[in-house]
Amino acid sequence: MDHIPKKLFFEFTEYKGDPRCLGDMARKDQYQAITDRIIAALDEGTVPWQKPWHTQGLNLPANGTSGKAYRGINVVLTMLTAWERGYSSNVWVTFKQANEIASRVARKAGHAVEQNKRGTWVFADGENKGQSVGGIRAGQNAKAGQGATPIIFWKTGSRTETDADTGSEVEKTWAMMRSYNVFALEQCEEGVQAYLKNKHGISSEEAEHEPHEAAEALCEQYEIETRHGGDRAYYSPKGDYIQMPLMGAFTSPDAYYVTRFHEMGHSTGAVGRLHRKGVAEFDYFGSHQYAEEELVAEFTACFLAAEAGIEHNVETSAGYIKVWKSRLNADPRLIVRVAQAAQKAADLITGRTAKVEAKEDAA
């Protein structure tokens, strides 16, 4: 069952690596699976440990029952799932916890419920007698891309044993890794979702913003797929699309468009457009090349905001540029070069430069 933890054991002793320590190989497989997910996210243009704006409810991914925030790799694992699937909350529960919450909801609705021999809460009356009260929406544990998210916890301890050769007592240290499957709030049934939203102060309604006519026109005329959902904004070079949260997740429509302009700026660097090295020949996050590309995108957002006549937070932008400039202060030509590249990007987006001409210019 999903809610039963899988126990893996291994020892930090001279026996580490012994074939009898079956948990050692399983542990390596777990680490590899985690690494593979992070690499895949980086390939998509996502930085898994960055979160640029506030998510509804809890600030960090956390257990919905205890409210305790996850730590370490579990933060990355749950955030990756949220970004991949477009989840907007940071609330997670195990199958067992969701089932327990569903039983409370059922009781409040006037149903009789009880636990069966397996510890699962079921209806004790009516036509549904004996059936599970649920908790996780149907199909969330089986369909591709909709399953549970595994997270891990470690528990360490020690024990005293008698050495077979010397007869003396030696202390051995052990570690136990438990892997739990958790589900996001969006994977829960409606009653469980309502309970968790109320518990953690999550609103079911997004703010309503009126689109800005000129800014919307700039976005619509630029030929690139733009997807909406989740709490992450990025451009995916691999898929050549822009991912944006819904407009209502932003503090204002201007904040939405400036963020979208930034990602549109990145997209102009793709192979089929202006072929900037920071996008078309991406090396690694934090590099000189990456920093320069971020500045190009930010300058592009500034230019497009001015074009559309919307407010751009100058203080935020200046602080952003200052951070990257401090890393590149050895290059006095940086700002001029970035501004020129951003102007080409803005011209491509506004239609002042045709795509074919832009490609020739980059050759």
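Computed from a predicted model, the values in this text were never measured in an experiment.

So, on to the packing of helix 5 (residues 213–221) against helix 6 (residues 253–267). Where helix 5 meets helix 6, the closest approach of the two axes is 11 Å, and the angle between their N-to-C directions is 25°. Relative to helix 6, the element helix 5 lies roughly parallel. Note on packing geometry: the crossing formed by helix 5 with helix 6 is left-handed. Facing helix 5, whose interface residues are Ala215, Glu216, Leu218, Cys219 and Glu220, helix 6 presents Tyr257, Arg260, Phe261 and Met264.

Glancing now at helix 4 (residues 190–200). Looking only at helix 4, the buried set comprises Val192, Gln193, Leu196 and His200. Angular distribution of buried residues about the axis of helix 4 spans 100°; they occupy a single face of the element. Pointing more than 90 degrees away from the buried face of helix 4 are the exposed residues Glu190 and Asn198. Just beyond helix 4, the residue with positive phi is Gly201, at close to 65°.

Counted at 1.5 Å a residue, the expected span for helix 3 (residues 95–108) with its 14 residues is 20 Å, and the 20 Å between its end C-alpha atoms agrees. Along helix 3, the residues that are buried comprise Gln97, Ala98, Asn99, Ile101, Ala102, Ser103 and Ala106. Where helix 3 is buried, its residues touch strand 2 (62–63), strand 3 (91–94), strand 4 (113–115), strand 5 (121–123) and helix 4.

Moving on, we come to the environment of Ala280. If you trace the backbone, Ala280 turns up in helix 7 (residues 277–280). With relative accessibility at 25%, the residue Ala280 sits in the partly exposed group. Remark: the alpha-carbon pair of Ala280 and Gly269, spanning eleven residues in sequence, is separated by 6.3 Å. Filtering out sequence-adjacent residues up to four positions away, Ala280 remains in contact with Gly269, Ala270, Val271 and His275.

All right, on to the nonpolar core then. Counting residues in each nonpolar core, the largest one holds 25 residues, and the members touching the most others are Tyr257, Phe261, Met264 and Ile310. Those elements that place two or more of their residues in this core are helix 5, strand 10 (241–244), helix 6, helix 8 (288–308) and helix 10 (334–350). Considering each element in turn, this core owes the most residues, five residues, to helix 6. Contact partners of Phe261, with chain neighbours within four places excluded, come to Ala215, Leu218, Cys219, Thr300, Ala301, Leu304, Ala305, Ala308 and Ile310. Grouped together as the second largest cluster of nonpolar side chains are 17 residues, Val93, Ile101, Ala102 and Cys188 included.

Turning to the packing of aromatic side chains, a few remarks are in order. Summed over all chains, the structure comprises eight aromatic pairs. On the numbers, 6.5 Å between centres and 70° between planes, the contact of Tyr87 with Trp92 is edge-to-face. For the residue pair Tyr87 and Trp92, the accessibility class agrees, reading buried in each case. Geometrically, the ring pair formed by Tyr257 and Phe261 is tilted, given 6.4 Å between the ring centres and 35° between the ring planes. Placement of both Tyr257 and Phe261 in helix 6 is noted, with a separation of four residues, approximately one turn of the helix. Taken individually, Tyr257 and Phe261 each receive the classification buried, so the pair is uniform in this respect. Through pairs of rings, three or more aromatic residues link up here, namely Phe250, Tyr256, Tyr257 and Phe261. When the ring centre of Trp121 is taken as reference, the NZ or CZ atom of Arg107 above it lies at 4.8 Å.

Turning our attention to unusual backbone geometry. Of note in this structure, Asp240 is not a glycine but carries a positive phi near 50°. Within the fold, Asp240 resides in the loop between strand 9 (234–236) and strand 10. In this structure Asp240 comes out as partly exposed when scored by relative accessible area, which is 31%. Despite not being glycine, His275 shows a phi value in the positive range, around 50°. By the secondary structure assignment, His275 is in the loop between helix 6 and helix 7. Of the residues examined, His275 reaches a relative accessible area of 34% and is grouped as partly exposed.

So, about the pattern of salt bridges. Summed over the entire model, instances satisfying the criterion amount to seven salt bridges. Residue Glu225 is joined to Arg227 by a salt bridge in which the shortest nitrogen-to-oxygen separation is 2.9 Å. A relative accessible area of 34% places Arg227 in the partly exposed class. Asp240 is the salt-bridge partner of Arg273, the closest N and O atoms lying 2.9 Å from each other. On the criterion of sequence distance, the pair formed by Arg273 in the loop between helix 6 and helix 7 and Asp240 in the loop between strand 9 and strand 10 is long-range, its members being 33 residues apart. Residue Arg273 is classed as buried on the basis of its relative accessible area, which comes to 6%.

Criteria and cut-off values
Residues numbered from 1 in each chain as written. Predicted model: local features only at pLDDT ≥ 70, side-chain atom pairs only at ≥ 80, totals over all residues. Heavy atoms only, no water. Axes fitted to C-alpha atoms, helices over the stretch in contact; angles between N-to-C directions. Helix = DSSP H or I, 4+ residues; strand = E, 2+ residues; numbered from the N terminus. Parallel < 35°, antiparallel > 145°, perpendicular 65-115°, else oblique. Left-handed = near helix turned anticlockwise from the far one by under 90°. Contact = heavy atoms within 4.5 Å. Buried < 20%, exposed > 50% of the residue type's maximum accessible area, 1.4 Å probe, protein only. Arc of directions from axis to C-beta. Expected span 1.5 Å × (residues − 1). Core = buried A, V, L, I, M, F, W, Y, C linked by side-chain atoms within 4.5 Å. Phe/Tyr/Trp six-rings, centres within 6.5 Å; stacked < 30°, edge-to-face > 60°. Lys NZ or Arg CZ within 6 Å of the ring centre and 35° of its normal. Salt bridge = Lys/Arg side-chain N within 4 Å of Asp/Glu carboxyl O.

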